[in-house]
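Structure at a glance
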Amino acid sequence: MHRLAFVLFTLLALLTPFARAADAPVPSPPNVLFIVIDDLNDWVGCLGGHPQARTPNIDALAARGTLFANAHCQAPLCNPSRSSVMTGLRPSTTGIYALRPGIRDVAALRDHVTLPEYFGSRGYFTFTCGKVYHDGSIAPKDRPREFSVWGPAPGMPLPKEKFVHTPDDIRAMDWGVFPEHDEDQADWKICSAAVAQLGSLPAGKPFFVACGFRLPHVPCFASQKWFDLFPLDEVELPDVRPDERSGVPFFAWYLHWKLPEPRLSWLKKANQWRPLVRSYLACTTFMDSQVGRLLDALQATGRADNTIVVLWSDNGWHLGQKLISGKNSLWEQSTHVPLIFAGPGIARAARCDSPAELLDIYPTLVDLCALPPRPGLEGHSLAPQLKDASAPRPWPAITTHNQNNHTIRTDRWRYIRYADGSQELYDHKLDPGERKNLANDPQSAATIQKLARWLPTVNAPPVPGSADRLLEQKNGQWYWEGKLIDPGQLED
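Along each chain, numbering runs from 1 in the same order as the chain's sequence is written. In view of the model being predicted, local features appear only for residues whose pLDDT reaches at least 70, and side-chain atom pairs are presented and counted only at 80 or more, with totals across whole chains, interfaces and linings using the full set of residues. Side-chain numbers come from the whole structure's heavy atoms, not from hydrogens or water.

Turning next to the overall build of the protein. Put simply, DSSP H or I for four residues or longer makes a helix, DSSP E for two residues or longer makes a strand, and each gets a number counted from the N terminus. A tally of helices and strands in the protein yields 14 helices and 21 strands. For the radius of gyration, the atoms used are the C-alpha atoms, and the globule rule reads 2.2 Å times the number of residues raised to 0.38. Against the globule reference of 23 Å for 492 residues, the protein gives a C-alpha radius of gyration of 24 Å, in line with a compact fold. By its C-alpha atoms, the protein is 105 × 55 × 45 Å across when sized along the principal axes. Expressed as a percentage of its 492 residues, the buried residues of the protein come to 58%. Within the protein, counting contacts between residues at least 6 apart in sequence, those at least 24 apart form 73% of the total. Computed by Shrake-Rupley with a 1.4 Å probe, the accessible areas treat only the displayed protein chains as cover when residues are assessed. Carbon and sulfur atoms make up 54% of the accessible area of the protein, which totals about 20,400 Å². Positive: Lys, Arg. Negative: Asp, Glu. His and the chain ends are not part of the count. Charge coordinates come from a single atom per side chain, which is NZ of Lys, CZ of Arg, CG of Asp or CD of Glu. Across the protein, the centroid of the 50 positively charged side chains sits 4 Å from that of the 52 negatively charged ones. Each residue gets one of three labels from its accessible area relative to the maximum for its type: buried under 20%, exposed over 50%, partly exposed in between, using a 1.4 Å probe on protein chains only. Contacts between residues were defined by any pair of non-hydrogen atoms, one from each residue, lying within 4.5 Å.

The structure is reproduced here in structure tokens:
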């Protein structure tokens, strides 16, 4: 009898853990809050790109997650950069180099499974508002396959008259104090839409909520209180030297041949350099306040502890460096962008200095959410670095601007090769301002050979319908936006 009781007791003890395991709730899949920022360079507090930058909310996010301090975009232009993130493919693979067309207008990409589409197919509720894809790049007929719900994407408000009359006097190329109230700003309305969605999420489903802010993209408008944080006479200008382009191949001008963004020479002549820098700083701080609103709303859902937050910018922006404003270059000011992950399983207050690419976002989120791997993605999961920021990472960051113009960025080097074969090489350990081109130094040959191995072997021609900021070669001659380039007509 005692032996029978002992056997029953032993069996019960062995089976109890299985019974408890069967009754235990299955962990919910992680949610995703996907925050996209337009034209934000490294002028962020935690990145130290400008000593006066004020971004307390982005800095706080970095403090509770992992900051990739050496992250770079795939293209220094909105549409190709965002198309790359969402498809997980390089511009040199897709042939999307310009502001048009969108991915679904490209025959080879019509059936490609994008990042939000993949999450939707795995049971996620997906929502977007603001500028996540490039404006107008997804036709209304194609929107349902990308996100379950499309929220508003209001454009920037415009004053009755421009504040600044630039050489190419388009309405968007403007900066100053406007509008009077934050609530009238596009980013306020975009944030409000995302906040409302976070407050009414469908029950029983994980979510993928994407919110795309417009600032500090031009027009650089913010209300007076944000400008008051940066008194004009106290604004520090970037360190720009007269010989900024000494040793730079002339072909580098071809990548930004004719743009509405004014050259530094005009900004100086018009006494607009400091006002533009001030506007960029003010707009960035206002936008950061909306990031704070959004993160507070996530906390209020009670689901923040099981939500992965990723924040990134599509490309950087020059403010006088290399004698230009805007983007459309293969230098640090155009390619270096914020990239932050925070949430369950991610190291807190961590900084990874290894190179990372925006292309890595797609496979990383798939990995963190324990979804089946997506074949064919060209990025690499950052999950190892999110556990240990010092984990080795063999890949560099690669940025492409128009066909066969690439830059390779490692922890130390930036190597650029242009479509005409000209080159640049900078040692960031000794020359973080990228002012001394070492490409023609015979002692650099071995370094160039090593870096050149990473250049994309696929260089697809521009897809049909490519337009706006397109550089292409026809019959041995170079054309910018369809017009033959005359080197003698350089506007410097």
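There's plenty left to go through after this.
Another point: the sheet that holds strand E21 (residues 483-484). The pairing criterion is simple: DSSP has to find at least two bridges between the two strands. Strand order in the open sheet formed by three strands is E19-E20-E21, with antiparallel pairing between adjacent strands. A single partner strand is all that each edge strand has here, and the edge strands are strand E19 (471-474) and E21. Both strand E20 (residues 477-480) and E21 contribute to a ladder of two bridges, which runs antiparallel. Its bridge partner being in E21, Tyr479 is matched across the sheet by Leu484.

Before going further, it helps to examine the nonpolar core. Within this scheme, the nonpolar core is defined by two criteria: the residues are buried Ala, Val, Leu, Ile, Met, Phe, Trp, Tyr or Cys, and they are joined through side-chain atoms within 4.5 Å. In this structure, Ile58, Phe213 and Leu294 are the most contacted members of the largest nonpolar core, which totals 65 residues. Looking at this core, the element that brings in the most residues is helix H10 (residues 273-300), giving 14 residues. The contact partners of Phe213, leaving out residues within four places of it in the chain, are Ile35, Val36, Ile37, Asp38, Asp187, Ile190, Cys191, Met287, Gln290, Val291 and Leu294. The next biggest cluster of nonpolar side chains, apart from the first, holds 45 residues, and it includes Phe34, Phe119, Phe147 and Trp312.

Okay, helix H12 (residues 361-368) next. Most of H12 is tucked away: six of the eight residues are buried. Burial in H12 covers these residues: Ile361, Tyr362, Pro363, Thr364, Leu365 and Val366. The first or second residue beyond H12 is Ala370, which carries a positive phi of 55 degrees.

Of all 10 residues in helix H3 (residues 78-87), 10 are buried; the element is thus mostly enclosed. What H3 keeps buried is the set Cys78, Asn79, Pro80, Ser81, Arg82, Ser83, Ser84, Val85, Met86 and Thr87. Those residues of H3 that are buried are in contact with strand E1 (31-38), helix H4 (91-94), helix H5 (115-121), strand E9 (307-313) and H12. Residue Gly88 follows H3 closely and has a positive phi angle near 75 degrees.

Glancing now at the packing of helix H2 (residues 56-63) against H10. Orientation of H2 relative to H10, taken along the N-to-C sense of each, is 50 degrees, at an axis distance of 7 Å. Taken as axis vectors, H2 and H10 run oblique relative to one another. Mapping the contact onto sequence places Pro56, Asn57, Ile58 and Leu61 in H2 and Met287, Asp288, Ser289, Val291, Gly292 and Leu295 in H10. For this classification, the nonpolar set comprises Ala, Val, Leu, Ile, Met, Phe, Trp, Tyr, Cys and Pro, the charged set comprises Asp, Glu, Lys and Arg, and every other residue, Gly included, is treated as polar. Taken together, the residues of the contact of H2 with H10 sort by class into six nonpolar, three polar and one charged. Note on method: axes are straight lines fitted to C-alpha atoms, helices fitted across the in-contact stretch only, with angles between N-to-C directions ranging 0 to 180 degrees. Should an angle lie under 35 degrees it is considered roughly parallel, over 145 roughly antiparallel, and from 65 to 115 roughly perpendicular; all remaining angles are considered oblique.

A few words on the environment of Asn440. Along the polypeptide, Asn440 turns up in the loop between strand E18 (423-427) and helix H14 (445-452). As a C-alpha pair, Asn440 and Gly247 span 193 residues in sequence and 9.1 Å in three-dimensional space.

Here Trp312 lies in strand E9. Sequence-distant contacts of Trp312, that is, excluding residues within four places in its chain, are made with Phe34, Ile35, Val36, Ile37, Arg82, Val85, Pro338, Leu339, Leu358 and Ile361.

We now examine the side chain of Thr166. Secondary-structure assignment places Thr166 in the loop between strand E5 (149-150) and strand E6 (175-177). At a separation of 3.4 Å, a polar atom in the side chain of Thr166 contacts the side chain of Lys162. A 3.5 Å cut-off defines polar contacts: any pair of N or O atoms within that distance qualifies, except that in protein one atom must be a possible hydrogen donor and the other a possible acceptor, and neighbouring residues in sequence count only when both atoms are side-chain atoms. At a separation of 3.1 Å, a polar atom in the side chain of Thr166 contacts the main-chain carbonyl oxygen of Asp168. The contact partners of Thr166, leaving out residues within four places of it in the chain, are Met173, Trp175, Pro262 and Trp266.

When a carboxyl oxygen of Asp or Glu is within 4 Å of a side-chain nitrogen of Lys or Arg, the pair counts as a salt bridge. In total, this model carries 25 salt bridges according to the counting rule given. Glu472 is paired through a salt bridge with Lys474; the nearest N and O atoms lie 3.8 Å apart. What emerges from the salt-bridge pattern is a single network uniting Asp38, Arg82, Lys131 and Asp314.

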